[in-house]
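For reference, the chains in residue letters:
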Amino acid sequence: MGPRYKTRDAGRSGEAELTEQSGWTKVPSELEPGRYFMQGDEACAEGAIAAGCNYYAGYPITPANEIMERVCQRFMQLAGRVFIQMEDEIGSIASVIGASWAGARAMTATSGPGLSLMLENIGYAIITETPCVVVDVQRAGPSTGQATRPAQGDVMQARWGAHGDHEMVVISPWSVQEVYDEAIHAFNLAERFRVPVILLMDEGVGHLRENMEVPAETPVYRRSKDSSRPPFGEAEVPPMPAFGEGARLLVTGSTHDAWGYRRTSSPQAQEQLLERLASKILNHRHEIARTHTHLCDEDDLDVLLVAYGFTARSALAAVRLARAAGIKAGLLRLTTLWPFPDEIVERVSARARLVMVPEMNRGQVLREVRRVMQHAVGYNKTNGEVITPLEIWQAMQKELAL
Amino acid sequence: MKGTTASIMKYIRTEVFPTPFCAGCGHGILLGAILHAVHQSGLDFSRVLFVSGIGCAGWIPSPHYNTDTLHVTHGRPVAFATGAKLFNPELTVVVIGGDGDIASIGGNHLIHAARRNMDLTVICANNMVYGMTGGQAAPTTPRGARTATTPTGNLEPPFDLVRLVAAAGATYVARYSVWHVRPLIASIKKALQHTGFSFIEVLSTCPTQYGRRNEEPTPIGMLRALKQNCVTVKRAEDLSPEELVGKTVIGEFVG
């Protein structure tokens, strides 16, 4: 479904610009190029491997297990890649951060309960500017909830779960192809901006099987290791040498200065650090944010659906139903959820009479859309089942009083 | 003894002196003992990574040690160290933490790293109390001891960390104190050279938060108590269970 449709990028295409900058290379993909019939979780593992992931630590949890199993099996075939099953999710993310400072491109994958456990150390990755990728294959919660059922209830947890004020990069793919592509993108964003990146999948996408294409080459961004510059300041994204290279790194989760010395009671140090950590993401939100419009003519639009993840698939089918009935409907699909693409939502939805946000939660992205388009309405479902095209189409008709 | 301290100064970021430790804290002795062991081992210091968590002992390496240091979240240094060591096995990775950090909140990581026989050296500075947060009870606080959260005496039994870690599978396990500095340095040297999981419990002193609430409020008194109450593994073999009451056995238990 997803990859067959032609899409138009509503945001600025980041990749083309970024390839001009230093740090970018292209490497041959680990899989033979060509078409594959693959599951979303497996595509996540393959995308990570293509992106050069060489450290994986994880703990079993449904519906993310297939990522860890695939990584484990594939790492055994590849040189220089380390896999470990840790004692819990806290240990998983901790060892991922430790490995990243030892020079690894590191990743872990989990579901909501595991993300809850990882959040303190995700905050540590934020303040220490440690590149890493955390995958959350969302399931119905809260707590144990329904382990095998899809949901999109972790959008705000991904954004705000770590304590303290911070920005986040969160990506939510809708197809097996996009899982593969965005796993690569997630690694490159993590390395380029020295941040943890959350790949926010859902059970629907994770367990979906469909065709996908593996390209011949994969764009890879490699972090700067210049040890002559301070690793925690001066530059917007400072260089990051690895342990054992003689840089005498002082890495701490306490507030620190540009060289890593603790500054636990300096208002200036706290303000400067938080400001830079936020602005290095916000100043580049246009190149980070990826959105796509489908069947969407911004200048002639009655109904706009704003959707993401698995729900965007039903939303696109609902747009087709509406268009067949003569309604000028379109879909704005958010691949990047955070930083939230305010300007794009505002621009694309400007002329729409009805803006509807279907999602498998009680309105987490709706609230963001309403910040820029107050009349937006939600279509929400939290029973552990996916939202169907017909449900969205019917909700649309009701709102339009057809 | 002159020159001994000078020999370890090159491993220290002296610009951060004075240390943040309270007067009479035992951790300064351990700070030096670890560096003496590094010095005597002839290790390339730039290839040694020190990982520590939250608590007073977490500040022993960070920022004092003039090499790579990773100062992490409370209880997690063993897990962070596992990632760094697995990805770069060339690094000598040493974890330094307090009893609360290593054995309470971090207990799960401790036993699993021991079970895996992960090639790490873990040094647990045990002062039997949460010092930094104001002297609350730890899982190592002796029965009956008064702390900020056990004002009428601790009701719970303490962990025997040495037996715990040995049972979990560690391949070098020892216990010394900040009074027994020479055998402690020798033990740390052995641990650094050992391949596999090494664990050393180091009994330390906290007059500020522990001593003043209990029988021995002075730093020197606490050190003398360590001298009097510790018996070696060898001597303990000849003592009856009654004679061992109130004693702490020190020495090598595994390895």
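Residues numbered from 1 in each chain as written. Chains lettered and ligands numbered in written order. Predicted model: local features only at pLDDT ≥ 70, side-chain atom pairs only at ≥ 80, totals over all residues.

Caption draft 1: Quick peek at the environment of Pro183(B). Residues and elements named next belong to chain B. Its place among the elements puts proline 183 in helix α7 (residues 181-193). Residue classification places proline 183 among the partly exposed residues on the basis of 15 C-beta atoms within 10 Å. The sequence separation of proline 183 and proline 241 amounts to 58 residues, and the corresponding C-alpha distance is 25 Å. (Helix = DSSP H or I, 4+ residues; strand = E, 2+ residues; numbered from the N terminus. Buried ≥ 20, exposed ≤ 12 C-beta atoms within 10 Å, placed from the backbone.)

Caption draft 2: Structural detail: the domain arrangement of chain A. Residue and element names in this part refer to chain A. We note that the domain assignment places domain 1 (2-221) and domain 2 (291-399) within chain A. With centres defined by C-alpha atoms, the gap from domain 1 to domain 2 works out at 25 Å. Each partner contributes to the interface: domain 1 provides 31 residues, whereas domain 2 provides 30 residues. Secondary structure elements with two or more residues in the side of domain 1 that touches domain 2: β1 (8-9), β8 (146-150), α6 (155-160), β9 (169-171), α7 (176-193), β10 (196-202) and α8 (203-206). The residue inventory of the side of domain 1 that touches domain 2, partitioned by class, reads 15 nonpolar, eight polar and eight charged. (Domains from an automatic or database assignment. Contact = placed C-beta atoms within 7 Å. Nonpolar A, V, L, I, M, F, W, Y, C, P; charged D, E, K, R; others polar.)

Caption draft 3: Representation of the nonpolar core within the structure. Judged by nonpolar contacts, the single largest core of 188 residues is most densely connected at Cys44(A), Ala48(A), Val133(A), Leu199(A), Leu305(A), Ala84(B) and Ile123(B). Sort the elements by how many residues they give to this core and α7(A) lands first, with ten residues. Beyond its immediate chain neighbours, meaning those up to four positions away, Ala48(A) contacts Cys53(A), Val71(A), Met107(A), Val133(A), Ala183(A) and Phe187(A). (Core = buried A, V, L, I, M, F, W, Y, C linked by C-beta atoms within 7 Å.)

Caption draft 4: Region of interest: the interface of chain B and chain A. Counting residues at the interface gives 28 residues for chain B and 34 residues for chain A. Counting only elements with at least two residues in the side of chain B that touches chain A, the list comes to β2 (68-71), α3 (77-87) and α5 (107-116) of chain B. For the side of chain B that touches chain A, the leading source of residues is α3(B), giving eight residues. Taken together, the residues of the side of chain B that touches chain A sort by class into eleven nonpolar, 13 polar and four charged.

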